[in-house]
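Residues per chain, in single letters:
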Amino acid sequence: MSLKEYGVWTGKAVRVSAETAADDPHTPHIHLFYDDGTGGEYDNARRASINVKSGSAISELVVWINLNFTHTITEKLSALNQGFTPLENKANGIALDYIRGNMMNLKEGRVLPHDIPGQENDVLDLVFPLLKSAVQRQAVVHLFGEPYLPARQGIHDVHMNQGSAGKFSKYNDVWQDGGLFIENSDGSYTSILIAFASQAAHTDESTGNALPGSNNLKQLITHSGEPVIADDLRVAIIGALVNPVGAENTPHHTGRPETVWLMNRSPTPISLKGWSILNKSEKVQPMADEIVLAPGGIHTVEMNKAPLSNKGGLLTLLDNNGVKVDGVNYTRKQAQQEGYITLFR
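We now turn to the structure provided with this report. For clarity, every value in this text was computed on a predicted model and none was experimentally measured. (Residues numbered from 1 in each chain as written. Predicted model: local features only at pLDDT ≥ 70, side-chain atom pairs only at ≥ 80, totals over all residues. Heavy atoms only, no water.)

**Describing the packing of aromatic side chains**
So, point 1. As enumerated under the stated definition, the model contains six aromatic pairs in all.
So, point 2. Aromatic pair Phe69 and Phe181: ring centres 5.2 Å apart, planes at 50°, arrangement tilted. In this pair, Phe69 is assigned in the loop between strand S4 (61–66) and helix H1 (74–78) and Phe181 in strand S9 (residues 179–183), connecting sequence segments 112 residues apart.
So, point 3. Its relative accessible area of 4% is what places Phe69 among the buried residues.
So, point 4. Taking the centre distance of 5.7 Å and the plane angle of 75° together, the rings of Phe144 and Phe181 count as edge-to-face. With Phe144 in strand S7 (residues 140–147) and Phe181 in strand S9, this pair connects stretches of sequence that are 37 residues apart. An identical accessibility class is assigned to Phe144 and Phe181; each is buried.
So, point 5. By way of ring pairs, the aromatic residues Trp9, Tyr34 and Phe84 are connected into one cluster.
So, point 6. Across the ring face of Phe33, the terminal group of Arg15 is positioned such that the distance to the ring centre comes to 4.6 Å. (Phe/Tyr/Trp six-rings, centres within 6.5 Å; stacked < 30°, edge-to-face > 60°. Helix = DSSP H or I, 4+ residues; strand = E, 2+ residues; numbered from the N terminus. Buried < 20%, exposed > 50% of the residue type's maximum accessible area, 1.4 Å probe, protein only. Lys NZ or Arg CZ within 6 Å of the ring centre and 35° of its normal.)

What follows is the structure, encoded as C-alpha cells:
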C-alpha cells in the first residue's frame, strides 16, 4: 500500500508556529502556513504539518539539513507552478526517495529529540529558525507529502514514508517520501529532510517495507545494534565519465564510453559477481561475474546498458542481494564539459 495521493505543494511561506513539549508532549508538530495564490481556511493560507516527534518507542527523529542543496531535482523544483502537483511514485521524475534518490548520506543525519533544554540539540532548535527565516523572506517553499483529504487545505506526511513497522507499514512505498525545500534569493536551495529514527535504512524495491536484517536509522547513525546488512560503504563510486567527447550512445561513436569508477575501500577482496549499477531511470548495468576487486583496487564499468544523462542524474551501486552499497548524484552543470570525469570523492 502507499499514500493515497502523493505530490508537492509550492507556495510562499507566510507564518510558522511550533508546538513545544509543554504544548503537546505526545504528537507535536511545526505548522508552516503558505500561500499558493488560491486562498485557504487558515487566514487565507494553507498549512503544512511537520512531525517533530514520533509516537513509537523510539521517539526521536532523524534530520538532514543542507543549506546549499545540490541535486538534479532542483531544476525541476524551480519550474513548478504554485499549487499542488500530483506525482507518480517512480524514478526519473521529481518524486523523493531518501534511499534511492541519493539526496544525502543517510549516516550524516542527526538523531534528535523533540524539545529539551539547551541549544541546537533538538528538532525545534534546528528546523524552526530556518522556517522563521523563510517566512521573513516570504521565500518559495516546496512541500512533499500527502494533502489533507478531502478538504485539501494543506499537506502532511512531510517525512520519509517507507521502512515503517507496525500499524504504519501500510503507508510504505518507494518514491513517495516527504520533505521540504526552500528557494533562496540567490537561486540556491535549503533542504530539510526528516525521518522517524525507527524507520529502516534498507527497504524492499517494490513495497518500501523494511528488508530483513536492516538496521533502523538510529542504529545506522549511532553505530548501535548488530546489522545483518553491512553499511560500511565497502565499495564506493568515486567518479564517472558522464559526457564523453562526441555523440555517445550512437553507432558511430568511437571515443571513450560512458564509464563509472568503483573503489574497494575494505581490507579484503570483494567479488562483484551479481552486483549492478542503476542510472536515474533505474536501468541496470550488470557487472562481469569474474571481477574480484582487490583491497584499494579500482574497477571501471562501461555503462552501455544504463546510459547516463547529460541533464543530471543518479548512480546507485547494488550488491548481489540487491542492497544499496553506495549512491551519488550529479547535476546538469557537472555534466556540461565533454570528456571530463565527474569526481564524487
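Moving on from the model shown.
**Topic: the nonpolar core**
So, point 1. Ranked by internal contacts, the top residues of the largest apolar core, which has 33 residues, are Trp64, Tyr98, Phe144, Phe181 and Leu217.
So, point 2. Elements represented by at least two residues in this core include exactly S4, strand S10 (189–196) and helix H3 (217–222).
So, point 3. By size, the runner-up hydrophobic cluster in this structure holds 30 residues, among which are Val52, Ala139, Val141 and Val158. (Core = buried A, V, L, I, M, F, W, Y, C linked by side-chain atoms within 4.5 Å.)

**Comments concerning the pattern of salt bridges**
Where side chains of opposite charge bring their charged atoms close, a pairing between them can arise.
So, point 1. Applying the stated rule across the entire model yields ten salt bridges.
So, point 2. Glu5 serves as the salt-bridge partner of Arg152, at 2.9 Å between the closest nitrogen and oxygen. Here Glu5 lies in the segment before strand S1 (7–18) and Arg152 lies in the loop between S7 and strand S8 (154–156), a separation of 147 residues in the sequence.
So, point 3. When the shortest N-O distance is used, the salt bridge between Glu88 and Lys90 registers 3.6 Å.
So, point 4. Judged by its relative accessible area of 57%, Glu88 falls in the exposed class.
So, point 5. When salt bridges that share partners are traced, they join Asp97, Arg100 and Glu205 into one network. (Salt bridge = Lys/Arg side-chain N within 4 Å of Asp/Glu carboxyl O.)

Nothing here speaks to function; it is all geometry.
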